[in-house]
Every structure is written in C-alpha cells, then in structure tokens.
Amino acid sequence: MPPEGVPLTMQIAGVGVRLGAQITDIVITTIALVAIMILLSALNITGPQTIVAIGALLFFLIRVPYYILAELVWNGQTLGKRILKIKVVSHDGGPLTTHALVLRNMMKEAEVFLPGTLVLMLDASSPFASLAAFAWILVCLLVPIFDRYRRRLGDMMAGTHVIHMPVPVLLKDLASEPRTISQDKKGFVFLSHQLDHYGAFELQTLEGLLRAQSTRPTGSDAERNKTIEAIVEKIRKKIGYANPVPQADRLRFLQAFYKAQREHLEQRQLFGDRRANKHYAQNEEDA
C-alpha cells in the first residue's frame, strides 16, 4: 500500500530467481577479486602464506560496497537483479532508504558470507565451529522458503521485498485494426462538421466501450444490443448523420466513428486546437 492509498499488486520473486541473481553477483565480484589478486601477485605484494587471508578480506571489501552502491544507484537492483528482472522495493510502498539497503546487505554478510567463509577456512580440528556455521547458513536459507513473501532475515529487518519487475502491457490500438470487407462495403463516411461535436473525453469513453465489447462483454446479448443502439442513435442525432444504421452494423458504425473522430482530433491538435470534451465550443464563446 503506497502513500497514495492505491493498492499495488506485485509478483514476489521466488527463491530460485533470487538465488540465480545472487550467483550472478558472486561471479561478478569474484571476477573483480581475481583481477585484483593477479595484480597484487604481479607486484609481489602478496605471497602463498597470505593469499587466502588477503583474498577473503578483499572479497569482503568488494562485495559489501558493490551490493549497497548498486542498489542505491539502480533503485534496488544489482547487476544480477537487472539481468533476471527483479528488484528490491519497500514494504510500505515508499522510496528505498539508504538505511534499509545498508541493513539488508550487511545482514547478508551475517546470514551467508561470513559463516560460509568460516566453513571454508576452518580445519578438521574445530568441527563444532564448522558445523555451527553450516547449521546457521542452512537455517538462513530455509527462512525465505517458509516465509509467505519469500523474505530472508535481512529483508524482514529492513522492511523490504524482492519482486519481479512489472511488465508493461499496452492495449491494442483500436485505430490500427485493419478494416474488414463488410466494413468497406458499408462505407461509413463522416464529414468534418460532423466530427466537430465531440472532444477527447467522449472519444476515450467510446474507446472504453469498444474495448469492453471486444474483450469481455458483460450482460445478455439483448442488453448489449440495446446499449449499443442507444449510443448509435445518440451519436447520429448529435452529428446529424441521416442514414439509418441497421442492427448488424451498429458496432461497425461505432468503430468507424471512433477512427474518424480520433483522426480529426489529432489533426486539430496539430494546429493547437485541444478539444477536451464536447463543451469546448461553449467554453470558447464564454472566454
């Protein structure tokens, strides 16, 4: 629920896609680590005795700023999240704060990376510490599976969610639909003075009606036919269209009028004549 009070429905990112994004980010930061380690080795700054410790420290210094800065710059996305089309959003619908992003990413260190480093670095002489670290990692990985929003501990503390990026869906342009043979035979023609009666508001209303009839018609056929008949007759009377429209051609009449009216309004707008609704002429006279 954003501050505007309009509920937004978003698809929660699953564990699999989040794991894929995490692996991608680990590969990216590992490549940076390897490049730095090769540079240090070439400069004789590190040796075989210290390479593991220096590598672990450098990996920490690379990944922490990477996650935080990437999500700050790209509004909740790292490179891995951008590739897999997911992002971090705030639970309350507001903007992401620096505090929330720092908290969720620092908790990632406590949840996975630091225990994972202990598991890799501790030897057989300390099995209890290794088992404890492994158990902690396992618990942290199970938390998103059992949480209804697939949140890990860092998301719960920071008040964030990871969602799939919304895919914009553009409705089909009614004016771009090809004419059928039956439409061409009817030859509905509207003169310029007949198209001067309505504005953009009425055009949008007609567009909504046509979309509803083509996608999800409601009510019985008799009710729809009665509604379409009333609209057709009202338009005919308003614009002075003398020819009667048979019942079978009423919907095609509305489609033809929509295309002609839209083209007319777009042409008028090119000359600075914006017609908001059917009262534009009266408003001009009052001015």
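Not measured: the values here are computed from a predicted model.

Of regular secondary structure, the protein possesses 11 helices and 2 strands. In the protein, the succession of helices and strands from N to C terminus is α-α-α-β-α-α-α-β-α-α-α-α-α. Residues classed as buried in the protein amount to 34% of the 287 residues present.

The element strand β2 (residues 160-164) is extensively covered by neighbouring structure, given that 4 of its 5 residues are classed as buried. Two elements, strand β1 (residues 86-90) and β2, share 5 bridges in a ladder whose sense is antiparallel. Bridge pairing in β2 places V88 opposite V162.

Further remarks concern the pattern of salt bridges. Using the criterion set out here, one finds 12 salt bridges in the structure. One salt bridge in this structure joins E109 and R63, with 2.7 Å as the shortest N-O distance. Here R63 lies in helix α2 (residues 51-73) and E109 lies in helix α4 (residues 98-121), a separation of 46 residues in the sequence. For E207, the salt bridge identified is with R211, shortest N-O distance 2.8 Å. Residue E207 and its partner R211 are both found in helix α8 (residues 200-215); the two are separated by 4 residues, about one turn of the helix. Where salt bridges share partners, they join R18, E71, K81, R104 and D155 into one cluster.

Per-residue confidence for the protein gives a mean pLDDT of 83; residues scoring 70 or more make up 85%. In the model of the protein, helix α7 (residues 181-186) stands out as the element of lowest mean pLDDT, 44, in contrast to helix α3 (residues 79-83), which has the highest, 95.

Of all 5 residues making up β1, 5 are buried, and the element is well covered by its neighbours. Of the two faces of β1, the one holding I86, V88 and S90 and the one holding K87 and V89 are both buried throughout.

Topologically, D155 is positioned in helix α6 (residues 153-158). Excluding anything up to four places from it in sequence, D155 contacts R18, R104, T160 and V162.

Packing of helix α1 (residues 15-42) against α2 leaves a shortest axis separation of 9 Å and a crossing angle of 130°. Judged by the angle between their axes, α1 and α2 are oblique. Once α1 is placed against α2, the crossing between them reads as right-handed. Note on element contacts: α2 touches α1 through I51, I54, G55, L58, F59, I62, R63, Y66 and Y67, opposite Q22, D25, I26, I28, T29, T30, A32, L33, I36, M37 and L40.

Thresholds, definitions, all that
Residues numbered from 1 in each chain as written. Predicted model: local features only at pLDDT ≥ 70, side-chain atom pairs only at ≥ 80, totals over all residues. Heavy atoms only, no water. Helix = DSSP H or I, 4+ residues; strand = E, 2+ residues; numbered from the N terminus. Buried < 20%, exposed > 50% of the residue type's maximum accessible area, 1.4 Å probe, protein only. Pairing = 2+ DSSP bridges. Salt bridge = Lys/Arg side-chain N within 4 Å of Asp/Glu carboxyl O. pLDDT = per-residue confidence, 0-100. Contact = heavy atoms within 4.5 Å. Axes fitted to C-alpha atoms, helices over the stretch in contact; angles between N-to-C directions. Parallel < 35°, antiparallel > 145°, perpendicular 65-115°, else oblique. Left-handed = near helix turned anticlockwise from the far one by under 90°.

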